[in-house]
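Residues per chain, in single letters:
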Amino acid sequence: MRFAILLVCSVACFAQTDAANRYLPHDLSAGFRYEVKLGQNSYNLNDAPGYSVKYSYRPLRWLALEAGMEQIPRPIGASVCCEYQTNAYDELFLVPFGARYVWEPQGQRLRLSLGGGGAYMNHTFGTELESGAMAGASGWGGQFVASGDCGLLRSGRLRAGLTARYYYIHVGLYVTGRILTVGPDFTFSFR
């Protein structure tokens, strides 16, 4: 099903014409992520791989408004906190939203962006922990993002790049999640 949706979207993207002095305001991105916990007093996670999806709209050539989701399956797994379980079956969901400044010179394939905004985190466990530890956590906070990509086609409709995003989430009164996600992105741009 995902492949069929991707195929339909890519055909629609490539069928459009591109004027040299215009930019493509809509982006759909998918990518791989590697989540890294920052700081010793940060939220209790291990480093783990995951994936991301994102949509952004550029009302102006230099401004992008974005919303997305990053999922990290099993960031705790069978770590020390879960010594009574073989696996916590946990899922970490990060939902960033905000704005970016976009630098994309006309006639070139390179595009760089910096930005930030808000973020929501939801960490759930598939099994209840025998130790009485919390069975999930969620919270709101902020995020900062930096990315760069390059057009694989002259039209700029298909792009590959790298994104790094830093989250600062308040999980509880005294617990703060500081999380960095880094990974490659593949983007379809269209009108």
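Enquirer: Just checking my understanding: could you explain the packing of aromatic side chains for this structure?
Expert: Given two aromatic rings, one states the distance between the centres and the angle between the planes to describe the pair. Per the counting criterion, the structure on display carries two aromatic pairs. Put simply, the rings of Phe97, Tyr120 and Trp140 touch in pairs and so form one group of aromatic residues.

Enquirer: Just to check I follow, could you spell out the pairing of strand β6 (residues 136-151) for this structure?
Expert: Pairing analysis gives 15 bridges linking strand β5 (residues 110-125) to β6, with the strands arranged antiparallel. Each residue of the ladder has a partner; that of glycine 117, found in β6, is glutamine 143. Pairing of β6 with strand β7 (residues 158-170) involves 12 bridges; the strand directions are antiparallel. Note on β7: the bridge partner recorded for alanine 146 is alanine 164.

Enquirer: Sorry if this is basic, but what is going on with the pattern of salt bridges here?
Expert: Where charged atoms from two side chains of opposite charge approach closely, those side chains can pair. The tally for this structure, following the rule as stated, stands at 10 salt bridges. A salt bridge links arginine 33 to glutamate 70, with the shortest nitrogen-to-oxygen separation between them at 3.1 Å. With a gap of 37 residues between them, arginine 33 in strand β1 (residues 26-37) and glutamate 70 in strand β3 (residues 63-73) connect regions that are remote in the sequence. A relative accessible area of 5% places arginine 33 in the buried class. Salt-bridge contacts for glutamate 66 lead to lysine 54; the nearest nitrogen and oxygen are separated by 3.9 Å.

Enquirer: Can you help me understand the side chain of aspartate 90 in this one?
Expert: Positionally, aspartate 90 belongs in strand β4 (residues 90-103). A polar atom in the side chain of aspartate 90 sits 2.8 Å from the side chain of histidine 123.

The rules behind each value
Residues numbered from 1 in each chain as written. Predicted model: local features only at pLDDT ≥ 70, side-chain atom pairs only at ≥ 80, totals over all residues. Heavy atoms only, no water. Phe/Tyr/Trp six-rings, centres within 6.5 Å; stacked < 30°, edge-to-face > 60°. Pairing = 2+ DSSP bridges. Helix = DSSP H or I, 4+ residues; strand = E, 2+ residues; numbered from the N terminus. Salt bridge = Lys/Arg side-chain N within 4 Å of Asp/Glu carboxyl O. Buried < 20%, exposed > 50% of the residue type's maximum accessible area, 1.4 Å probe, protein only. Polar contact = N/O pair within 3.5 Å; in protein donor to acceptor, adjacent residues only side chain to side chain.

What is shown is where atoms sit, not what they do.
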